[in-house]
Amino acid sequence: MDVGGTSLKLILAVDALTPPLSGIGRYAWELTSRMAQLPEIEQVRYYRNGQWIIEPTDLLAGSQIRFKKPLFKLPKWSADWCWRQTCKGEVFHSPNYFLPNYADKAVATVHDLSVFKFPETHPIERIRQFEKLFHETLQIATHLLTDSEVTRQEVIQYFSWPAERITAVHLGVSPLFCPCTPDELKPVLQNYGLKPGGYSLCVSTIEPRKRIDKLLAAYSRLPAKILAQFPLVLVGGKGWQSEHIHALIESAQKAGWLHYLGYVPEADLPAIYAGAHLFAYPSIYEGFGLPVAEAMACGVPVITSNQSTLPEVSAGATMLVDPDNSDDFCSALEIALIDLSWRDSAVKKGLQVAKKYNWDTCVRNTLDVYLKI
């Protein structure tokens, strides 16, 4: 299709489509599954580490991956030239930070700058990867995307990036995240020994900047009656530099007020969210904070950090705290668990805020950037 005198052909990098899907993987999948359906786009091709992927769903299904190898086996400088010719004139979008040096009309999504702002919370291999590949990406990129306005401003300031060449596009929430009745929730929750409305919830990778250790410290100080009525449920895989946090998790499990579920199948997450009495997300740095939006969409009151993008994403619908202040955090948790007036207001506000986060809007706003360049 000819749009504004330009035939819009798209190349999507699908390297983030590796099960189980991370937040970036989910974002990449929503783009991948929706872009080809838009009438403004004539063609979509899928790229992964120097190969053309024929069917992206193969990457998630555990089936044989079908790909079309490049037709050339040449020295790197010559192969790069050939790749550049095959990509010429097409919008190339990497949803996962890094662009190949032969991308044309190149767009990269920068989800956050945690590697640069909090290097101590990342493994050295990841830091080195970003030091090399991300700076190369900035030389290649025609335009950048971020998940939030806060991150957009960070990129502008940190890298002196031109403001007119970077756009904030909020992420979306699946319609599967919605309020549910106890009867609807029981078939899933009973598999985990949970009762609707009978627990608090945190969904997060276990790593330092997520401040899970601070949540455990504050939660442990709640009155025994509250701990018995609303134990804390923690969902999330093991991240880096998390050994001391897992020691705290084990201690809290022995004390009886924490249930650590580890990785949970994606299909079960909406019910686990919707069944929570309270959702807690104490991270001090996020590119967006999708779990907060998902919890609000489920009609669950949320307490989250007053830092980074979380005030932007929650837009006045949550209780904001400094997770590093244990006294204030503990007091806020108690209020959020038992103050009926606040809880009712938080549910109503949260549902309204969450309505604006949908993947159709995210994809359309991303398309606008493609058309712009």
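Residues numbered from 1 in each chain as written. Predicted model: local features only at pLDDT ≥ 70, side-chain atom pairs only at ≥ 80, totals over all residues. Heavy atoms only, no water.

1. Description of the packing of helix α8 (residues 212-219) against helix α14 (residues 326-338)
Packing of α8 against α14 brings their axes to within 8 Å, and their N-to-C directions diverge by 70°. On the basis of the axis angle, α8 is roughly perpendicular to α14. Note that α8 runs across α14; the crossing there is right-handed. Touching K214, L215, A218 and Y219 of α8 are S326, F329, C330, L333 and L337, all from α14. Across the contact of α8 with α14, the residue classes break down as seven nonpolar, one polar and one charged. (Axes fitted to C-alpha atoms, helices over the stretch in contact; angles between N-to-C directions. Helix = DSSP H or I, 4+ residues; strand = E, 2+ residues; numbered from the N terminus. Parallel < 35°, antiparallel > 145°, perpendicular 65-115°, else oblique. Left-handed = near helix turned anticlockwise from the far one by under 90°. Contact = heavy atoms within 4.5 Å. Nonpolar A, V, L, I, M, F, W, Y, C, P; charged D, E, K, R; others polar.)

2. A few points about the environment of S7
Note on placement: S7 falls in strand β2 (residues 6-7). The exposure class of S7 is partly exposed, given its relative accessible area of 31%. In sequence terms S7 and E40 are 33 residues apart; their C-alpha atoms lie 8.7 Å from each other. (Buried < 20%, exposed > 50% of the residue type's maximum accessible area, 1.4 Å probe, protein only.)

3. Some points on α8
One full turn of an α-helix is made of 3.6 residues, so residues set three or four places apart face in the same direction. Along α8, six of the eight residues are buried, which leaves the element largely enclosed by surrounding structure. Where α8 is concerned, the buried positions are I212, D213, L215, L216, A218 and Y219.

4. Quick notes on the sheet that holds strand β16 (residues 319-321)
Reading across from one edge, β13-β12-β11-β14-β15-β16 is the order of the six strands in this open sheet, with parallel pairing throughout. The strands lining the two open edges of the sheet, one partner per strand, are β13 (258-262) and β16. Neighbour to neighbour, the strand axes of the sheet diverge by 20° on average, direction disregarded. Of the strand pairs in this sheet, strand β12 (residues 232-235) and β13 are connected by four bridges, and their pairing is parallel. Paired with V233 across the bridge in β13 is H259. In the packing of α8 onto the sheet, contacts are made with β11 (200-203), β12, β13 and β14 (278-281), and the angle to β12 comes to roughly 170°. (Pairing = 2+ DSSP bridges.)

5. Regarding the packing of α14 against helix α15 (residues 340-354)
Running from N to C, α14 and α15 cross one another at 80°; their axes reach a closest spacing of 6 Å. Between α14 and α15, the angle is such that the two are roughly perpendicular. Between α14 and α15, the residues in contact are A336, L337 and I338 and L340, W342 and R343, respectively. Taken together, the residues of the contact of α14 with α15 break down into five nonpolar, no polar and one charged.

6. Here's the deal with the pattern of salt bridges
According to the stated counting rule, one finds 17 salt bridges in the structure shown. For the salt bridge of E266 with R26, the shortest nitrogen-to-oxygen distance reads 2.2 Å. Here E266 is found in the loop between β13 and α11 (269-274), whereas its partner R26 is found in helix α1 (residues 23-35), with 240 residues between them in sequence. Of the residues examined, E266 reaches a relative accessible area of 39% and is grouped as partly exposed. A salt bridge links E149 to R152, with the shortest nitrogen-to-oxygen separation between them at 3.0 Å. Of the two residues, E149 and R152 are both situated in helix α6 (residues 149-159); the distance of three residues between them amounts to about one turn of the helix. (Salt bridge = Lys/Arg side-chain N within 4 Å of Asp/Glu carboxyl O.)

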